[in-house]
Amino acid sequence: MRAIGLIIALSTLSACGENEHYPQQYLGFKHTYWEFTFPKTEDTHDIIVTVIATEKSDKDRKVTITSQWNAGGGPWKPNKEAIFQLLDKNITIQAQKKSAEVRLRIFPQRIKQSETVYLTCKPQDRDIHSTQITLKLNIK
């Protein structure tokens, strides 16, 4: 009996769609936290962060991506070299698609120990709330 109950429970879980973890009409980052480790000797490293929508749309959806960086755990200093470059500040999820990519260029040689970068995704549709992802950047 327990085996049958377990099989039913597992099949029910596997039947759940991938949208189960997001609110209806969600448009924002696929993840809320992501950690990366880079070799100190690497000049640049591009990473991709995904923006998703839970439902397809008949029209393109535009979002603006902004960034903040804590500059080594302290306040940002104007003379401090940037550890990353946001390559895509405005992205579009094409009609009938459910995702788009945001590219960042990381400069590992400028990272001292670890840094935290915050990206905010602000949909053009004012009825949809902004979302944020935290990127933890480490050096090995």
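To be clear, the structure that these remarks concern was listed above.
A brief report on the enclosed structure follows. None of the values given here were measured: they were computed from a predicted structure. Along each chain, residues carry numbers from 1 onward, in the same order as the chain's sequence is written. In view of the model being predicted, local features appear only for residues whose pLDDT reaches at least 70, and side-chain atom pairs are presented and counted only at 80 or more, with totals across whole chains, interfaces and linings using the full set of residues. Each side-chain value is worked out from all heavy atoms of the structure, with water and hydrogens disregarded.

1. What to know about the packing of aromatic side chains
In step 1: Working definition: a ring pair exists when centres of Phe, Tyr or Trp rings (six-membered ring for Trp) sit within 6.5 Å. Plane angles under 30 degrees give stacked, over 60 give edge-to-face, the rest tilted. Tallying each qualifying case throughout the model produces three aromatic pairs.
In step 2: One aromatic cluster in this structure is built from Trp 34, Phe 36 and Phe 38.
In step 3: The cationic tip of Arg 110 hangs over the ring face of Phe 107; the distance from NZ or CZ to the ring centre is 4.3 Å. To sit over a ring, a charge needs its Lys NZ or Arg CZ within 6 Å of the ring centre and within 35 degrees of the ring normal.

2. Remarks on the pairing of strand β6 (residues 90-93)
In step 1: Here β6 shows a clear split, with Ile 91 and Ile 93 buried on one side and none of Asn 90 and Thr 92 buried on the other.
In step 2: Strands are labelled as partners when DSSP assigns at least two bridges between them. For helices the rule is a DSSP run of H or I covering at least 4 residues; for strands it is a run of E covering at least 2, with both sets numbered from the N terminus onward. In this structure, strand β4 (residues 61-69) lies alongside β6, joined through four bridges in antiparallel fashion. Bridging across to β6, Thr 64 finds its partner in Asn 90. Only protein chains enter the accessibility calculation, which uses a 1.4 Å probe; a residue whose area is less than 20% of its type maximum is buried, one above 50% is exposed, and one in between is partly exposed.

3. Side note on the sheet that holds strand β7 (residues 99-106)
Strands in a sheet are paired, the pairing made by backbone hydrogen bonds, and the direction either parallel or antiparallel.
In step 1: With antiparallel pairing, the four strands of this open sheet are ordered in space as β1-β3-β7-β5. A single partner strand is all that each edge strand has here, and the edge strands are β1 (27-29) and β5 (84-86). Strand-to-strand twist in this sheet, taken as the mean axis angle between neighbours without regard to direction, amounts to 30 degrees.
In step 2: Pairing analysis gives three bridges linking β1 to strand β3 (residues 45-53), with the strands arranged antiparallel. Looking at β3, one finds that Leu 27 is bridged to Ala 53. Here, axes are lines fitted to C-alpha atoms. For helices the fit covers the stretch in contact, and angles between N-to-C directions go from 0 to 180 degrees.

As far as function goes, none of this settles anything; it's purely spatial.
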